[in-house]
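Residue-level structural notes
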Amino acid sequence: MPHALSELSELFIWPHAGCNHRCVSCDIWQDTSRRELAAEDIERWADEWQQLGIKEVILTGGEPLMHRDLGAVAAPLRERGMALVLLSTGILLKRHAQQVVDNYDVVLVSLDGPPEIHDSVRRVPRAHQLLVRGLDAVRAIKPDLRVAARCTVHRYNYRHLAETVRTAQELGVYRFSFIPADVTSEAFNRAGGWDADRQEDLVISEDALPALDQELERLFTECADAFSSGMIQESPDHLRSYIRDYYAAFHRANPYPAVSCNIPWGSAVVEVDGTVRPCFFQPEYGNLHEAGSLEAVVNSPAAVKWRTELDVATDETCQRCVCFRTVDLPAGIGPA
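Notes on the structure follow. (Residues numbered from 1 in each chain as written. Predicted model: local features only at pLDDT ≥ 70, side-chain atom pairs only at ≥ 80, totals over all residues. Heavy atoms only, no water.)

1. Some points on the overall build of the protein chain
Keep this limit in mind: Put simply, DSSP H or I for four residues or longer makes a helix, DSSP E for two residues or longer makes a strand, and each gets a number counted from the N terminus. Between the two quantities, the radius of gyration covers C-alpha atoms and the globule rule is 2.2 Å times the number of residues to the power 0.38. Only protein chains enter the accessibility calculation, which uses a 1.4 Å probe; a residue whose area is less than 20% of its type maximum is buried, one above 50% is exposed, and one in between is partly exposed. Residue contacts are counted whenever heavy atoms from the two residues lie within 4.5 Å of one another. Under this rule, positive means Lys or Arg and negative means Asp or Glu; His and the chain ends count for nothing. Here the site of a charge means atom NZ of a Lys, CZ of an Arg, CG of an Asp or CD of a Glu.
Along its length, the protein chain carries 14 helices and nine strands. Scaling as 2.2 N^0.38, a compact globule of 336 residues should have a C-alpha radius of gyration of about 20 Å, and the protein chain matches this with 20 Å. Along the longest, intermediate and shortest principal axes, the C-alpha atoms of the protein chain span 50 × 50 × 40 Å. Here the protein chain, with 336 residues, has 56% of them falling under the buried criterion. Of all intrachain contacts in the protein chain linking residues separated by at least 6 positions in sequence, the fraction that spans at least 24 positions is 73%. Computing the positive centroid from 33 side-chain charges and the negative centroid from 49, the protein chain places the two 4 Å apart.

Spelled out as structure tokens, the structure:
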């Protein structure tokens, strides 16, 4: 059965419900419940996750470092040989510097522009300064800790792409990426989705697409070293499609860029209440607390049926997805 999963390559876990930024592109910060995954549950599930072949666990959010004891969440995963990636806003890196270097192989931070733009997008005073101080603190302990950064491109920062790359270089990141803003799904604590006004507020408008084209060309010229060094792994052609064509498609000026995602066959997301999804944007499979194991959730009859019927090339959610990734799959598993 090519749609029954014998193993998973990666797992995203969402340890804490909230966030300490108030980003224009996300509503996670509005959850003030302070719900979190219990460390003892991770300990209980970790053996099965190891048996499923999970090689990498990404702690996502929100802000995972808001968890009361994130080290206890990470420990059973590290003990079983899983690589750990921490997604962070950066504000709490300095406070938890020792824990960060003890537990994580990669720290992935959000960078939404040069300092003043980053602060305005994040809607937190001195957000960039706090990020710098946090990275300085962890590097004071472990100078070779790998730090990556990602920028969500939208109306509030699209005129500053080249400056964003230069800021990332100043931060000393080894890898940097751009993604368009998701405005159509219910992800990021947007139950029911955003209305048309919220969507239009964030997307790059149709009449601004020529200015986006100009900024992309400036990026490719002025930051050619970032592409040639491999810091930015995507090619200019890919970014034109991924960013420019994506926003043009939102305005129905062209089709959405073609997708070839296989994530539902090699990955899963565990949310703070135990809900399991194939990815951040698709409907839930079930709940770990109710099913008892991750394997029982991802291989339930409903989950296998959903993957069997999923055509990523025509599925509306997949077509509008901002996450163009693939993972390694076992032979015989995955979409046709």
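2. Section: the pairing of strand 4 (residues 106-110)
Under the convention used in this document: If DSSP finds at least two bridges between two strands, the strands pair. Note on handedness: a clockwise path from strand one over the helix to strand two, with the strands aimed away from the viewer, defines a right-handed crossover.
Taking burial as the measure, the five residues of strand 4 include five buried ones, the bulk of the element. Residues Val106, Leu108 and Ser110 of strand 4 are buried on one face, and the alternating residues Val107 and Val109, pointing to the opposite face, are buried as well. The sheet contact formed by strand 3 (residues 83-88) and strand 4 spans four bridges and is parallel. The residue of strand 4 that forms the bridge with Ser88 is Val109. Regarding topology, helix 3 (residues 97-103) serves as the crossover connection from strand 3 to the parallel strand 4, and that connection is right-handed. In this sheet, strand 5 (residues 146-153) lies alongside strand 4 in parallel orientation, the contact comprising five bridges. Bridging from a neighbouring strand, Val109 pairs with Ala149 of strand 5.

3. A closer look at the layout of surface pockets
Note the threshold: Cavities and pockets were defined on a 1 Å grid built from protein atoms only: a cavity is a group of points that admits a 1.4 Å probe but offers it no way out, a pocket is an open group of points flanked by protein on both sides within 12 Å along at least five of seven lines, and a lining residue is one with an atom within 4 Å of any such point. Grid points are joined across faces, edges and corners, and a volume is the space filled by probe spheres set on the points.
In this structure, the second largest pocket encloses a volume near 410 Å³. Along its surface, the second largest pocket is lined by 21 residues, and Trp14, Glu186, Asn189, Glu271 and Arg277 are the ones closest to its centre.

4. Overview of the packing of aromatic side chains
Filter applied, for reference: Only the six-membered ring of Trp is used, alongside the rings of Phe and Tyr, when aromatic pairs are assigned; centres must lie within 6.5 Å, and planes under 30 degrees apart are stacked while those over 60 apart are edge-to-face, with the rest tilted. A ring is scored as having a charge over it whenever the NZ atom of a lysine or the CZ atom of an arginine sits within 6 Å of its centre and within 35 degrees of its normal.
Applying the stated criterion across every chain, the model contains nine aromatic pairs. With a centroid separation of 5.3 Å and 75° between ring planes, the pair formed by Phe12 and Phe280 is classed as edge-to-face. A residue pair is termed long-range when its members are at least 10 positions apart, and Phe12 in strand 1 (residues 10-13) and Phe280 in the loop between strand 8 (275-277) and strand 9 (286-287) qualify at 268 residues. For Phe280, a relative accessible area of 24% translates into the label partly exposed. Ring geometry for Tyr246 and Tyr256: centres 5.3 Å apart, planes at 70°, overall edge-to-face. Taken together, the positions of Tyr246 in helix 10 (residues 236-250) and Tyr256 in the loop between helix 10 and strand 7 (267-270) put the pair ten residues apart, joining distant regions of the chain. Through pairs of rings, three or more aromatic residues link up here, namely Phe12, Phe188, Phe280 and Phe281. Positioned above the aromatic ring of Trp29, the side-chain terminus of Arg22 is 4.4 Å from the ring centre. When the ring centre of Tyr156 is taken as origin, the NZ or CZ atom of Arg155, which lies over that ring, is 4.4 Å away.

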